[in-house]
Amino acid sequence: QVQLVESGGGLVQAGGSLRLSCAASERTGSAYLIGWFRQAPGKEREFVAASTWTASTYYYADSVKGRFTISGDGNAVYLQMDTLKPEDTAVYYCAVHNGGSVYERENFGSWGQGTQVTVSS
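Fair warning: this is a prediction, and the values are worked out from it, not measured in the lab. (Residues numbered from 1 in each chain as written. Predicted model: local features only at pLDDT ≥ 70, side-chain atom pairs only at ≥ 80, totals over all residues. Heavy atoms only, no water.)

Caption draft 1: Main features of the pattern of salt bridges. Scanning all chains against the criterion turns up six salt bridges. Across the pair Arg 67 and Asp 88 runs a salt bridge, and its minimum N-O distance is 2.8 Å. A residue pair is termed long-range when its members are at least 10 positions apart, and Arg 67 in the loop between β6 (58-60) and β7 (68-72) and Asp 88 in the loop between β8 (76-81) and β9 (90-97) qualify at 21 residues. Put simply, Glu 106 and Arg 105 hold a salt bridge, and the shortest N to O gap is 3.9 Å. For Glu 106, a relative accessible area of 57% corresponds to the exposed category. Via salt bridges that share partners, Arg 38, Glu 46, Arg 67 and Asp 88 belong to a single interconnected network. (Salt bridge = Lys/Arg side-chain N within 4 Å of Asp/Glu carboxyl O. Helix = DSSP H or I, 4+ residues; strand = E, 2+ residues; numbered from the N terminus. Buried < 20%, exposed > 50% of the residue type's maximum accessible area, 1.4 Å probe, protein only.)

So, in structure tokens, the structure goes:
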């Protein structure tokens, strides 16, 4: 089973930027979608964005459109996060899409361990 590893989290002030990376232990098919989700304390894990490994197809949650950009180079999927807000504070996870709606976490598997993003006001 493919294993995903996230990196790039950290502490940033509101208005700042971070770039997250999601790398796989082995290649999946190029058509596979990789999703980014986030979970804040006491909240459900929610969809953020998803794309293929080369970002030929991509999706965004309304809450991050215009601020976050998903990209890929065939080896990793990246989430560029700009104009960060305190409400973006969460643990960010990537996972492999298994079919069905990309907006539902139940349709994803092979979750990474997550990376913490903290945005201070």
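Caption draft 2: Geometry of the sheet that holds strand β3 (residues 18-24). Taken in spatial order, the four strands make up an open sheet running β1-β3-β8-β7, and their pairing is antiparallel. Each edge of the open sheet is held by one strand with a lone partner, namely β1 (4-7) and β7. With direction set aside, neighbouring strand axes in the sheet form an average angle of 15°. Note: β7 against β8, five bridges, orientation antiparallel. Looking across to β8, one finds that Phe 68 is bridged to Met 81. (Pairing = 2+ DSSP bridges. Axes fitted to C-alpha atoms, helices over the stretch in contact; angles between N-to-C directions.)

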